[in-house]
Amino acid sequence: MSAVPLAEASAPVSIRIEGEIAIVRLERPEKRNALNDPAVLALEGAFRDLPKGVKAAVLCGAGAHFSAGLDLSELAETGLSEAVDHSRMWHRAFEAIEFGRVPVVSALKGAVVGGGLELAAATHVRVAEQSTFYALPEGQRGIFVGGGGSVRLPRLIGASRMMEMMLTGRVYRADEGCQIGFSHYVTPDGLGLAKALELACKIAGNAGRTNFALIHALPRIAEGDRATGYLMEALMAAIAQEDGEAKSRMRAFLEKRAAKTTPED
Ligand code: 1HE
């Protein structure tokens with residue numbers, strides 16, 4: 001597979017294409033991938049403008065940490081309306097990830113804290129290396145989450161747990177984080193990116209309409225009322241099923257040409 005670097009070495013975010021997978025990497029290891037404005041805007045641009053053939057993406061960080069969150073050196077003397085604009089910019093960028101064109105798998109390690117955890121929560125599948133730790137130090141820094149954390153994190157771990165984390169400054173380690181819903185997988189250190197790539201390849205192999213339904217319809221159905229959910233599910237199911245791709249996949253199973261669903265898969 002060929003890797004095509006699309007960004008300058010000095011850019012806060014790089015994007016590399018490997019076949020159908022885009023690998024988007026935070027490139028500020030010397031600052032523990034703290035997210036300054038250029039990094040947040042670069043993330044938004046990267047996910048909005050993914051090349052056409054890309055079917056899944058992996059989000060990772062250079063160095064030993066995924067992200068130390070908001071670049072605290074940027075938290076200068078901003079007024080009330082600039083602070084609102086700043087948070088809205090993060091919302092836009094992370095929505096470009098969560099409700100973008102393709103599913104995103106994040107490869108987590110080291111610090112996944114503050115805005116870094118908010119960023120991870122915007123991805124669809126999360127793989128954590130054993131070194132990963134999660135925290136929301138906003139409570140200790142005298143601020144509040146601003147990157148969509150109060151919307152996304154309660155959906156992962158519950159509002160009560162998030163409240164306790166922020167009130168007490170609690171830090172969760174990788175295994176505990178997996179149990180409560182921060183990650184879906186834990187790997188030994190050094191193997192997270194390979195696992196994330198393996199999962200992204202599986203995802204890229206799904207029918208495009210199924211992936212669309214999963215990242216765009218399912219979260220809305222889960223958040224909405226039942227009656228609307230049933231209707232949207234029926235419409236989505238019909239749209240997915242009508243695709244030639246679905247028909248050929250079902251035929252492949254009936255003709256014993258497709259893999260069975262077993263625990264080894
Ligand atoms: C930073 C940042 C940062 C590191 N902003 N510069 N986030 C936090 O409160 C977490 C703050 N960071 C830490 O607790 C630690 O840095 C880590 C546990 C992540 C890593 O520790 P370590 O020992 O590996 O690194 P370090 O020596 O603390 O940091 C290395 C450099 O990165 C150092 O800069 P240098 O110029 O002195 O080398 C640090 O200042 C810099 N650095 N983290 C700026 N966050 C939308 S609202 C979101 C709100 C939040 O995210 S609040 C939570 C912010």
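Residues numbered from 1 in each chain as written. Predicted model: local features only at pLDDT ≥ 70, side-chain atom pairs only at ≥ 80, totals over all residues. Heavy atoms only, no water.

Some thoughts on helix α1 (residues 37-48)
Selection rule: Labels follow the DSSP assignment, with helices taken as runs of H or I lasting at least four residues and strands as runs of E lasting at least two, numbered in each case from the N terminus. The span expected for a helix works out to 1.5 Å for each residue beyond the first. The buried label goes to any residue with under 20% of its type's maximum accessible area, the exposed label to any with over 50%, and the partly exposed label to all in between, with areas taken from a 1.4 Å probe on protein chains only. Taken from the helix axis, the directions to the C-beta atoms give the arc we talk about. Here, residues are in contact when the closest pair of their heavy atoms is within 4.5 Å.
Taking 1.5 Å as the rise per residue, α1 with 12 residues should run 16 Å; its terminal C-alpha atoms sit 17 Å apart, in good agreement. Along α1, the residues classified as buried are Ala39, Val40, Leu43, Glu44, Ala46 and Phe47. Viewed along the axis of α1, the buried residues span an arc of 165°, placing them on a single side of the element. Buried residues along α1 sit in contact with β2 (13-18), β3 (21-26), β4 (56-61), α2 (80-98), β5 (104-108) and α3 (115-121).

Description of the packing of aromatic side chains
Counted only if it meets this: Here is the rule: rings of Phe, Tyr and Trp (six-membered ring for Trp) pair when centre to centre is within 6.5 Å. Planes less than 30 degrees apart are stacked, more than 60 are edge-to-face, and the remainder are tilted.
All chains considered together, the criterion is met by three aromatic pairs. Note on Tyr134 and Phe182: the rings are 4.6 Å apart at their centroids and 25° apart in plane angle, and the pair reads as stacked. Taken together, the residues Tyr134 in strand β8 (residues 133-135) and Phe182 in the loop between α7 (174-180) and β10 (185-187) connect sequence positions 48 residues apart. Assigned by exposure class, Tyr134 and Phe182 land together as buried. Measuring from centroid to centroid gives 6.1 Å for Tyr172 and Phe182, while their planes differ by 70°, and the two rings are edge-to-face.

Points about the layout of surface pockets
To keep it simple, the criterion reads: Cavity and pocket criteria rest on a 1 Å grid covering protein atoms alone: a 1.4 Å probe that fits but cannot get out defines a cavity, protein on both sides within 12 Å along at least 5 of 7 lines defines an open pocket, and an atom within 4 Å of a point defines a lining residue. Grid points are joined across faces, edges and corners, and a volume is the space filled by probe spheres set on the points. Under the grouping applied here, Gly and all other residues not named as nonpolar or charged are polar, the nonpolar ones being Ala, Val, Leu, Ile, Met, Phe, Trp, Tyr, Cys and Pro and the charged ones Asp, Glu, Lys and Arg.
Roughly 750 Å³ of internal volume is contained in the largest pocket. Of all elements in the fold, only α2, β7 (125-129), α5 (149-157), α8 (192-204) and α9 (208-223) reach the threshold of two or more residues within the lining of the largest pocket. Examining the composition of the lining of the largest pocket, we find that seven residues originate from one element, α9, more than from any other. Across the lining of the largest pocket, the residue classes tally to 13 nonpolar, seven polar and eight charged. Looking at the second largest pocket, its volume works out to about 540 Å³. As for the second largest pocket, its lining consists of 25 residues, and the residues nearest its centre are Leu70, Leu75, His86, Ile143 and Phe144. Secondary structure elements with two or more residues in the lining of the second largest pocket: α2, α3 and α4 (138-141). When residues in the lining of the second largest pocket are grouped by element, the largest group, five residues, is from α2. Along the lines of polarity and charge, the residues of the lining of the second largest pocket split into 11 nonpolar, eight polar and six charged.

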